[in-house]
Structures are given as structure tokens and as C-alpha cells.
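Each chain, letter by letter, is given below.
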Amino acid sequence: MNREVTLPLIVDDHGTLQVAASDVSKLLRTVGGRWLRLVEAGEESLDEDTVAALTIELAKLADRIDVACIAHSSGRSS
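Predicted model only: the values in this text are computed from it and were never measured.

Asker: Just to check I follow, could you spell out the overall build of the protein chain for this structure?
Answerer: Check the secondary structure of the protein chain and you find 2 helices and 0 strands. Residues counted as buried form 19% of the 78 residues belonging to the protein chain. Taking all contacts inside the protein chain whose residues are at least 6 apart in sequence as the whole, residues at least 24 apart take part in 52%. Carbon and sulfur atoms provide 55% of the accessible area of the protein chain, an area that totals close to 6200 Å².

Asker: In this structure, what is going on with the pattern of salt bridges? I would like to understand it.
Answerer: Close approach of charged atoms allows side chains of opposite charge to pair. Applying the stated criterion across every chain yields a total of 3 salt bridges. Of the charged contacts in the structure, one is a salt bridge between Arg 29 and Asp 63, with a shortest N-O distance of 2.3 Å. In this pair, Arg 29 sits in helix H1 (residues 21-40) while Asp 63 sits in helix H2 (residues 48-73), placing the two residues 34 residues apart along the sequence. In this structure Arg 29 comes out as partly exposed when scored by relative accessible area, which is 34%. The shortest N-O distance in the salt bridge between Glu 57 and Lys 60 comes to 3.3 Å. Of this pair, Glu 57 and Lys 60 both sit in helix H2, 3 residues apart, roughly one helical turn. Look at Lys 60 and you get partly exposed, because its relative accessible area is 45%.

Asker: What is the right way to read the side chain of Thr 55 from this model?
Answerer: Within the element layout of this structure, Thr 55 appears in helix H2. Look past the residues within four positions of Thr 55 in its chain and what remains in contact with it is Gly 32, Trp 35 and Leu 36.

What counts, and where the lines are drawn
Residues numbered from 1 in each chain as written. Predicted model: local features only at pLDDT ≥ 70, side-chain atom pairs only at ≥ 80, totals over all residues. Heavy atoms only, no water. Helix = DSSP H or I, 4+ residues; strand = E, 2+ residues; numbered from the N terminus. Buried < 20%, exposed > 50% of the residue type's maximum accessible area, 1.4 Å probe, protein only. Contact = heavy atoms within 4.5 Å. Areas by Shrake-Rupley, 256 points an atom, 1.4 Å probe, with all protein chains shown as cover. Salt bridge = Lys/Arg side-chain N within 4 Å of Asp/Glu carboxyl O.

None of this, on its own, says anything about what the molecule does.
In C-alpha cells form, the structure reads like this:
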């Protein structure tokens, strides 16, 4: 199943980002990395395949945020 998620950048009336998107993308990658480390440490309540799939999706979302920010900062919309 492939669902598209749209995350608009939150900007004020002056075009200033209200949340540092780099912090959001870093958080997404950090969560995925921590899940992977838990699986590697033998956490029995986590399914390895599910964690891998979710981590990949979080990384993809982080990449999309980064690309949207680059487009925004260069004056183009994605």
C-alpha cells in the first residue's frame, strides 16, 4: 500500500519558517535509527521487517522535507 502524505511548510505572513524543517527531518531519521538499534540489540517486541520498512519510510519523508525546503529557499515550489 502506497499512501501519499502532504506536509506543507508552515510559514508566517513574511515567509519565515515556524519550525526548522532540518530539525524535523533530523528527528525522523533519529527515530528510525533508534528503532534499528533496538532491533539490533535484540528487542523482542519489535518486528525487524516492520522496523526496517518504517525506517525507510521515515527517511523518505525526511528527504521530501529537505527537498521541499531547498525548493522553498530557492524561490521555487515543489
